[in-house]
Amino acid sequence: MIDTLFFDLGDTLRVIRKDPAYSRAARKRIMDLLGADGDPDAFYHDVIEPRYDRYREWALTYYCEAPEKVLWTRWLAYDYPRERVEAAAGELTWAYRKTKGERVVAEGGEETLRELKRRGYTLGIVSDLVGVNEVDDWLDRDGLRGLFSTVQQSSICLIRKPHPAIYYYALQECGARAEETCFIGDNLDRDIVGAKAAGLGMTVAVRHPGAKPQQVTQANRPDRTISRLPELLDIFPGQ
């Protein structure tokens, strides 16, 4: 019997709303914080993104996340004054996140969360992302903090999915049993494989409209697949 539901964030519980002006302003903010000159879009595409790609390859290889100061002084802005970069690391990370667009809760997501909570499920978040303040700020701003019994972020525990340890941290914090927990995520090779490695009792893949196709294998095959978060209410009727 499932009594606990853990959610991924990116492309699961939250989606990106594209806004060119919003993204360009964030790219300019990165340049301002670093003291760089030039065109914000060119700087982002020619300097920051290639460096972030190398960082991401490292992070995915070792299933870990670098602290913000390390991310910027070692990977993304190693050729800028170290003290300046370290002092601005948190704001730089937030600006980098905003370059992709504005992150908003997927359609029907908040209502679904509140109903699942009302039905008696324990809810948690297990997410890979850079930056230590973004999620807390969002939960407090939107009044969602009280819905979740655990919030595990790779940016804080420094462990990325599919390493099972990040799931174990979540289970431990909310006192849940792995076999009675379901993980809901979009990435088959990270979210689903990791949940299975941690011994979670069920997995659900979210495939929002327009999501890129993924190859399904025996190792990453979810128990259920949905295209909208409110479909979870049909799967989990209540305690």
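Note: the structure precedes this text.
The shown structure was predicted, so the numbers you read here are calculated from the model rather than taken from an experiment. (Residues numbered from 1 in each chain as written. Predicted model: local features only at pLDDT ≥ 70, side-chain atom pairs only at ≥ 80, totals over all residues. Heavy atoms only, no water.)

A. The arrangement of helix H9 (residues 188–197) in detail. Within H9, the full set of buried residues consists of Leu188, Asp191, Ile192, Gly194 and Ala195. Tucked into the core, H9 has its buried residues touching helix H8 (165–174), strand S6 (181–185) and strand S7 (202–206). Two or three places before Asp189, at the opening of H9, Asn187 has a side-chain oxygen 3.1 Å from that residue's backbone nitrogen. (Buried < 20%, exposed > 50% of the residue type's maximum accessible area, 1.4 Å probe, protein only. Helix = DSSP H or I, 4+ residues; strand = E, 2+ residues; numbered from the N terminus. Contact = heavy atoms within 4.5 Å. Polar contact = N/O pair within 3.5 Å; in protein donor to acceptor, adjacent residues only side chain to side chain.)

B. Looking closely at the side chain of Thr181. On the secondary structure map, Thr181 appears in strand S6. Among all residues touching Thr181, those that are not within four sequence positions of it are Ile2, Thr4, Phe6, Leu171, Ala176, Leu200, Gly201 and Met202.

C. Region of interest: the environment of Pro40. Position of Pro40 relative to the elements: it lies in helix H2 (residues 40–62). Its relative accessible area of 10% is what places Pro40 among the buried residues. Linking Pro40 and Val204, residues 164 residues apart in sequence, is a C-alpha distance of 39 Å. Not counting residues up to four positions away in its chain, the partners in contact with Pro40 are Arg24, Arg27, Lys28 and Met31.

D. Region of the structure containing the packing of helix H1 (residues 20–34) against helix H4 (residues 82–98). Two elements in contact, H1 and H4, have axes separated by 9 Å at closest approach and are oriented at 170°. Here H4 runs roughly antiparallel to H1, going by the angle between their axes. Contact with H1, carried on its side by Tyr22, Ser23, Ala26, Arg29, Ile30, Asp32, Leu33 and Leu34, involves Arg84, Val85, Ala88, Glu91, Leu92, Ala95, Tyr96 and Lys98 of H4 and no other residues of that element. Looking at side-chain class alone, the contact of H1 with H4 contains ten nonpolar, one polar and five charged residues. (Axes fitted to C-alpha atoms, helices over the stretch in contact; angles between N-to-C directions. Parallel < 35°, antiparallel > 145°, perpendicular 65-115°, else oblique. Nonpolar A, V, L, I, M, F, W, Y, C, P; charged D, E, K, R; others polar.)

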